[in-house]
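Structural description and commentary
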Amino acid sequence: MAAVDLYSKGARVWVPDPDVVWMSAQLLQDYNPAVKHLDLQLSDGREVQYPVISSTDLPLLGNPDILEGENDLTALSFLHEPAVLHNLRVRFLDYSSIYTYCGIVLVAINPYDQLPIYGEEVIDAYSGQDMADMEPHIFSVAEEAYHTMTREEKNQSIIISGESGSGKTVSAKFTMRYFAVVGGAAQQTSVEEKVLASNPIMESIGNAKTIRNDNSSRFGKYIEIGFGKKGDIIGANMRTYLLEKSRVVFQATAERNYHVFYQLCASRALPEMRPLKLDVPEHFRYTNQGGEMQIPGTDDLEDFERTRNAFTILGVQSEQQMELFRILAAVLHLGNVHIQPSGRGGDRSYIDTEDRSLAVFSKLLGVEGPQVAHWLCHRRLAVGGEMLVKPMSGQQAMEARDALAKHIYGQMFIWTVQRLNSALRTQRGQPKSFIGVLDIYGFETFDRNSFEQFCINYANEKLQQQFNMHVFQLEQEEYVREELAWSRIEFIDNQPCISLIEGQLGLLDLLDEECRMPKGSDESWARKLYDQHQSGKPHPCFCKPRMSNTAFIVLHFADMVQYECDGFLGKNRDTVFEEPINILRASQSELVAELFQQVSTGDSVSMSLANGSIRSGKRAHREHKLTVGFQFRQSLQLLMDTLNSTTPHYVRCIKPNDLKQPFVFDPRRAVQQLRACGVLETIRISAAGYPSRWTYEEFFGRYRVLLRGHQCQEESKASCQRVLLELIPDPEQYCFGKTKVFFRAGQVAVLERLRSERLWAAGVVIQSWVKGWLARVRYTRTRWATLTIQRYCRGALARRLALILRYTKAAVVIQKTYRMVVVRQLFLMIRQATVTIQAFTRGTLARRRHRLMMAERAAVLLQAAVRGWLARRAYGRVRSAVVLMQCCVRRSAARRELLKLKAEARSVERYRELNKGMEVKLMQLQLRADQEARESAALRESLHAEREAHRAELEALQGALHKLEMQLQEQPQPSPAVTEREEEERRRAEEKASQEILRLTQEVQTLKTERDGLEREKEELTARLHAREKAEEECLHQVVSQASEALQGELDEERRKYQGLLREFTRLEQRYDNLREMSLLTERTTGHRRTDSTQSLSMEPLSPSPSSPSPSFTPIFPSPLPSAFPSPEEVRKVSVTSPILEGKVSVWGSDTPMDQLMERMGVCKDLAVKLRGEDLRHAYDAVRVANKFLESQLDGQRSRWEEELEALRNQLGQKVSELSHDALEEDLQELLAAREMECVKLRREMRELRSTVTLRRLLAQTVIPSASPPDFPSLPQPKTAPVSGLLECRKRDEAKLIKNLITDLRVDMALSLPPGLAASVLFLCVQQADCSGEQSRARSLCSAAVTAMKGALKKYSNDVNMTALCLKNACLLNDLLTQHSPKKDRSLGLEEMVPLTCDFSDLSRALSDLCIQAYQQLLFITETCLQNIIVPAMLESETIPGLSNSTVKLGGSRKRASSDPRTVGSEAPTMASVLRELGALHTAMSRQALPHTLMEQALRQLTYLISASTINSLLLRKDMCCWSRGMQIRYNVSLLEEWLRSRGLQAGGAVVTLEPLIQAAQLLQVGKKTEADAKALVQTCTSLSNQQIVKILTLYTPHSELEERVTLNFIRSVQGLLKGRCDSQPPQLLLDVRRVFPVTFPHLPTTILHADQLEIPDSLKISFLRRA
């Protein structure tokens, strides 16, 4: 298949477009040579016809979708400009990736935004990694240079170029930061800090705001960072090129002068800056011309402080800094000097003697003002051997003033660079190799181009030539390495353009010649250019513009540039008159005088820019006639020689738009810069040869579908050669190498087309078979379903018929029974109604008769008692009214009180007040309820009495009525009138009585209702009170729990900080030992005089000996420093006026930053410290300052804890006083007691920490070896009861015991001993000495044991088994000392243990610190072993065989040309390697019977390291973000989880630290298409931060065309869902692999130790111990 066959329907091509440069289009029909056009559909939907005259006019083909967003542009199938531009745009806009490889070039696009990709965690992730494996990054280029330098021992260079505003300075800054972190980690010296400190200084004096960039470097610089043999930074050197001095006196619109001037103006209010007489920038002529005084987003005052701090770090004293600032301020004031014209026609000029700016300028520089005023307006000429003074016109005087300002600034710039180089110069010999970072200006073309643009473009021509040669050389080396028969690749050589500029009679030669002419001018120089390069034989790279006679055009490699000749001669001469320079040389300021001393020619050439020729009346020296162009050419040639002697690495910075908007891509500006910076030339050179390269194995794995017959992996090379002969007939399109097969451009696309067709044909066959099988299965299922439905339908019809018959029979029976029941019910109802009517009628008649009889009888009785009843009724009515009135009043008051209580209950402000008075209110409510109950009871009693009275009266009336009836029966019948009157009275009395009874009944009901309401209110108030008490209790519990958690968190944080400080102290101590050994070695090699024995002994660790000092001065550890005080012999030898002693005092009396820090921390200076070298003194002071800082920090923490404890107590007391419930009170008392116990524990730990600080402070002080102390009367020691089961060690055998048990113990013997045997033996010996009353010997023996343990820990710093042994002995000895401490509470089951009489608390704290050090060393050993195998084992190893081989990604196999393969071992690391290292740690800890919780903490730290390192590498490697790799990662994690579960270590938090890695693996495997997938993804990945989720989705790359990419819409949907969730994870992208979890050692109480329980082998040779 030919490449023309790829132009088929649906293929994507690129067509030119005036707006977007290149536009994507799709073919609507196959290409036919007979048709002279192609029908295309553009990406915006328009259909056009593209003219095609021949096959060479076909549009450029697009790459497959699978290659979209590729990391390396050279991996694309089609290498051309639109493919490069599209790939960069996709990566920049869609994936927010600003870095892309293009062969050996790193293309960096300025995002104009802050990105979180430059932290230390990113540096750790790139450190030690292969360049081809990681995502493109500036750190990857720096790592490649650093690794190549250390591996090949060859100097390297990183060339960073680009337009102004493209990010060159930032890239160089991050590169140097990477070198400072990677190269400074070993020694932790101050060189890397000085290297980084040079950046703000150079940015301040060399950067300015331009139209295109807010922080544009107006000079070029080349920094050589020197490295030692171990790869650490030992020095640096800086060279600068072509400072734009014209910016000092002139700025274009919307531009600024150099930053330092605006920083000085912003700091004018500082006390030390007031003598400079500065003002706002608008006041000075040299800063207000551009109109831009402030840069948005920057603070000039903060930048000024950063600049001053950088000067301090580099060793520039504050006095010199102020001198420098005075010179800069003088330049500003010089610009404001007003020069006034005078004379006829203005041919003279003068400066007013009262000019304030001139006075300030003269005062700041220490020169005479009248002399400056005179020589700014006059010049000296030599005529006929006589000196004449000629006045200058106003314009000439202003030019002389500006020239002087430029010269002063240029000299200041040179001095600053020299001062930086002297500070960065190595003090430890010559560097073994260096890495140079070149931050050079890119190709520039403006509307008006002058001398600066000419020099810049000339430098870029030289760099482009070197770049082309290097790219060509790399391609040639690749072909030679693969033994290919190749022909020379043609590339554009810009040597003609370079010859035009620097050749004989070139532009620079003619310019220098014209500068030497007395009356040379820009116009005459332009005519010489035309005559030399245009009139005779025209130069191909030179031409004359049509409309100008003072300009010329140069055809550069990037573009055609027109230069204006105006100003070329002046800028090339850079002339300043000698008289003002002589005035400055006589300045009273030493720095000013130093700046203007004569410099040699070599110095001027070595510096980057011209010093300027100094004109005078006398004949100038030769070195002063060097022009700027000549010096720039020499310095550029020196730079090219340096670059050619190193291995270059290229970074091309691209400016995406001119508006400085974040993530806006202008394709026209981008393609212009790509053409100018040589990226497209790299593509062209690569495409001219064989751009596509595959190893035979990778080619066989991807294209084996094109092979016929059975093929095996072992014969991949022969199979590839055989199949290519069939697939590609033209042998010129491919070539076979030793390990790779090479293809011309476009041939991989042909192979992909054939592969797709083969897969498509195979898919059609598979689909036909599958569709047939599916049809047969569908028919079988349909037939079976039909038969089943028929069977079920027939059965259903039969069952329905039987049911109908059953229903019919049942209906007949129901009808018969129903009719019988209805008739019977009707009969029974009629009979029952008749009987009921009869009964009601008879009862009604009987009751009527009885009622008449009772009424007649009652009337008589009522008449007799009516008057008495009326009197009693009146009394009761009055009494009831009074009671009712009282109830109403009380009810109204209670309601008002209830409303008031409700209003107060709703008020938040009265909530606390309500709580305070809750108990009182409760008592008041209870009293009110009791009162209401008493009143109710009284009312009930009165009602009952009334009822009894009524009953008695009724009985009396009934008796009287009965008597009356009896009398009535006995008496004759009264007359009818009397009877009627009595009947009327009786009726009235009955009505009144019934009304009164009804009213009383209503009142009683009202009182009952009110009583019920009051009871309900009482119950509601009681329930509300109980609810409030419950809420208060819950709130109190919550507050207490939160306070407890906060205290526990602070305790963990303080414990972590303390352990970090302890680790830092150990590192400083180790550094001191290294420096001491280096100092001793230096003294020994340089032949210094031998020191006395006292000093040499002071350098050794103190060991227990019979002549040990008193117990109060016994050292706990060997002193980490030499003796701080001289011995008595030295005091006798050196007199008071000894010059040696005076020298020492003067050295220590210097006011250094460390001395200032010691004064602030309150650490006293030691004038007699005998340290060799500056580093030793700094190490000693740093240790003392760290101790003092730790002590102050712990004191502050203690005070804060006490305040919080007191506040918690007050809060608990208030809550307890407010709540009256007994059960709650008891619970609170128990909770308070528990918290007090916890606070007591915290106080005890704080006292231990404070004591440890005191111990560290004692360690920093050196014990003064002196004679025996004066004899004091010995106090009688208390004799303890004899204890059996101890071991006695004599005084002379103590050193031997320590030596046999700890110091000289062999490894094989140590591992065969029982766990903690050494600690047990030592404790029994210490206890025996203590019980025998020899407390001093007990302390010395214990101190010697601790010292020996520390020495053994340092000795076996790389042995995990011996470190675990030291950890076990230290822990056990600490536990035994703590358990037998005299301060230990004996009420906890320790009554049988005999306490020690001597206080070993300080040694116990020392042992606690030693335990922490041993634990950290144990982890460090394992982490060191795991560091290099985590990523290969977790990410790269294929634990599931064959999962990834079948999906080799297209184009992903080509490595970068400059990235040589790293040397790896014979066996790649796998999960077995990781588990082996973890198993070694677990075995070592288990062998020593260390606590299980300690193992869990250690494994938690290591699993976090594994998880963090794996995730960080995954987030930076696009090739690992695929589905198959997710399965591999999940399987590897499952192996690690299974390993933890098999050893019972899964409960200590180790599995939890693996959760982010598990979720990352799941994220790679789950579906990523629909909205439901997005929601499930967000709900699942809770341990990953939002940035990490989006980054993984962005990097997800299918390794086969069968997979689909994650769409941008899906990523945006996930981002929208992530915004709504509460992200508990930190916001950074990468995890901090340096995070350390604090360790807590569990206290395991041991049984009473007895000597008979110990099994001491004879091999220990401690038989001299006696059992006591």
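Predicted model, so just to flag it, every value in this text is computed and none were measured. (Residues numbered from 1 in each chain as written. Predicted model: local features only at pLDDT ≥ 70, side-chain atom pairs only at ≥ 80, totals over all residues. Heavy atoms only, no water.)

1. A few points about the overall build of the protein
A tally of helices and strands in the protein yields 49 helices and 28 strands. Scored against the burial criterion, the 1668 residues of the protein give a buried share of 47%. The contacts in the protein between residues at least 6 apart in sequence include a share of 74% that link residues at least 24 apart. In the structure as shown, the protein presents an accessible area of about 84300 Å², 55% of it carried by carbon and sulfur atoms. (Helix = DSSP H or I, 4+ residues; strand = E, 2+ residues; numbered from the N terminus. Buried < 20%, exposed > 50% of the residue type's maximum accessible area, 1.4 Å probe, protein only. Contact = heavy atoms within 4.5 Å. Areas by Shrake-Rupley, 256 points an atom, 1.4 Å probe, with all protein chains shown as cover.)

2. Thoughts on the nonpolar core
If you look at the biggest cluster of nonpolar residues, it comprises 314 residues, and the most contacted ones within it are Phe179, Ile408, Tyr409, Phe552, Leu1297 and Val1321. Ignoring anything within four residues of it in the chain, the contact list for Tyr409 reads Ile205, Gly206, Leu243, Val248, Tyr258, Val260, Phe261 and Leu328. If you look at the next biggest cluster of nonpolar residues, it comprises 36 residues, including Leu27, Tyr31, Leu42 and Leu754. (Core = buried A, V, L, I, M, F, W, Y, C linked by side-chain atoms within 4.5 Å.)

3. Description of the pattern of salt bridges
One pass over the full model with this rule turns up 46 salt bridges. One continuous salt-bridge network, built from bridges that share partners, spans Glu163, Lys655, Asp658 and Arg669. (Salt bridge = Lys/Arg side-chain N within 4 Å of Asp/Glu carboxyl O.)

4. Describing helix α13 (residues 495–502)
By the burial criterion, the buried members of α13 are Cys497, Ile498, Leu500 and Ile501. Taken around the axis of α13, the buried residues stretch over an arc of 155°, which confines them to a single face. Looking at the buried side of α13, the elements it contacts are α12 (451–481), α14 (507–516), α15 (522–535), β18 (542–543) and β19 (551–555). (Arc of directions from axis to C-beta.)

5. Quick notes on the side chain of Gln673
You can see Gln673 is positioned in helix α21 (residues 667–677). Look at Gln673 and you get buried, because its relative accessible area is 3%. With residues near it in sequence (within four places) discarded, Gln673 still touches Glu163, Cys653, Ile654 and Lys655.

6. Describing the sheet that holds strand β26 (residues 740–743)
Taken in spatial order, the three strands line up as β24-β26-β25 in an open sheet, and their pairing is antiparallel. Of all the strands in the sheet, just β24 (692–695) and β25 (734–736) have a single pairing partner and so form its edges. Pairwise comparison of adjacent strand axes, ignoring direction, gives a mean angle of 20° for this sheet. When β25 meets β26, the two strands line up antiparallel, connected through three bridges. Bridge pairing in β26 links Cys735 to Phe742. (Pairing = 2+ DSSP bridges. Axes fitted to C-alpha atoms, helices over the stretch in contact; angles between N-to-C directions.)

7. Overview of the sheet that holds β19
One open sheet accounts for three strands, arranged β18-β19-β20; its pairing is antiparallel. One side of each edge strand has no neighbouring strand; the edge strands of this open sheet are β18 and β20 (560–564). By the bridge criterion, two bridges tie β18 to β19 in an arrangement that is antiparallel. Residue pairing in the sheet places Cys543 in a bridge with Ile553 of β19.

8. Regarding helix α46 (residues 1555–1565)
Most of α46 is tucked away: eight of the eleven residues are buried. Inspection of α46 places Pro1556, Leu1557, Ile1558, Gln1559, Ala1560, Ala1561, Leu1563 and Leu1564 among the buried residues, and these make up the whole buried set. In this fold, the buried residues of α46 make contact with α41 (1430–1436), α43 (1492–1515), α44 (1523–1542), α45 (1550–1553), α47 (1571–1580) and α48 (1586–1595).

9. Re the pairing of β19
A regular strand places its side chains so that they alternate between the two faces of the sheet. Across the five residues of β19, four count as buried, placing the element largely inside the fold. If you look at the hairpin formed by β19 and β20, you'll find four residues sitting between the two strands.

10. Side note on the packing of aromatic side chains
The description of an aromatic ring pair rests on the distance of the ring centres and on the angle between the ring planes. On inspection of all chains with the given rule, the structure shows 29 aromatic pairs. With a centroid separation of 5.0 Å and an interplanar angle of 50°, the aromatic rings of Phe304 and Phe325 are classed as tilted. Linking Phe304 in helix α7 (residues 300–313) with Phe325 in helix α8 (residues 318–335), this pair joins segments that are 21 residues apart in sequence. Like Phe325, Phe304 is buried. Every member of this aromatic cluster is reached through a ring pair, and the members are Tyr118, Phe139, Tyr146, Phe174, Tyr178, Phe179 and Phe227. Its guanidinium or amino end placed over the ring of Tyr262, Arg256 lies 4.0 Å from that ring's centre, counting from NZ or CZ. (Phe/Tyr/Trp six-rings, centres within 6.5 Å; stacked < 30°, edge-to-face > 60°. Lys NZ or Arg CZ within 6 Å of the ring centre and 35° of its normal.)

11. Comments concerning the pairing of strand β8 (residues 156–162)
Most of β8 is tucked away, with seven of its seven residues classed as buried. In this structure, β8 lies alongside strand β17 (residues 433–439), joined through five bridges in parallel fashion. The partner of Ser157 across the bridge, within β17, is Gly436.

12. Re the packing of helix α23 (residues 696–703) against helix α24 (residues 716–727)
Where α23 contacts α24, the axes come no closer than 9 Å and their chain directions differ by 60°. Relative to α24, the element α23 lies oblique. Where α23 crosses over α24, the two elements pack in a sense that is left-handed. Residues Tyr696, Glu697, Phe699 and Phe700 of α23 pack against Ser716, Lys717, Ser719, Cys720, Gln721, Val723 and Leu724 of α24. (Parallel < 35°, antiparallel > 145°, perpendicular 65-115°, else oblique. Left-handed = near helix turned anticlockwise from the far one by under 90°.)

13. Some remarks on the environment of Asp1304
Its place among the elements puts Asp1304 in the loop between α35 (1294–1303) and α36 (1307–1312). By relative accessible area, which is 40% here, Asp1304 ends up partly exposed. Along the backbone, Asp1304 and Ala1348 are 44 residues apart, and their C-alpha atoms lie at a distance of 9.9 Å.

14. Notes on the side chain of Asn199
Within the secondary structure, Asn199 is located in helix α5 (residues 191–206). Other than its neighbours up to four places away in sequence, Asn199 contacts Lys173, Met176 and Lys221.

15. Concerning a nonpolar patch on the surface
Residues Ile766, Val770, Trp773 and Leu774 make up a contiguous nonpolar surface patch of about 390 Å² in total accessible area. Secondary-structure assignment places Val770 in helix α25 (residues 747–906). (Patch = residues over 30% accessible without salt bridge, like charges linked within 9 Å, V, L, I, M, F, W, Y side chains within 5 Å.)

16. Regarding the environment of Arg268
Relative to the helices and strands, Arg268 resides in the loop between α6 (259–266) and α7. With eleven residues separating them in the primary sequence, Arg268 and Asp279 have C-alpha atoms 6.7 Å apart. For Arg268, the residues in contact, after removing those within four places along its chain, are Met273, Arg274, Leu278, Asp279 and Val280.

No statement about biological role is implied by the geometric values presented.
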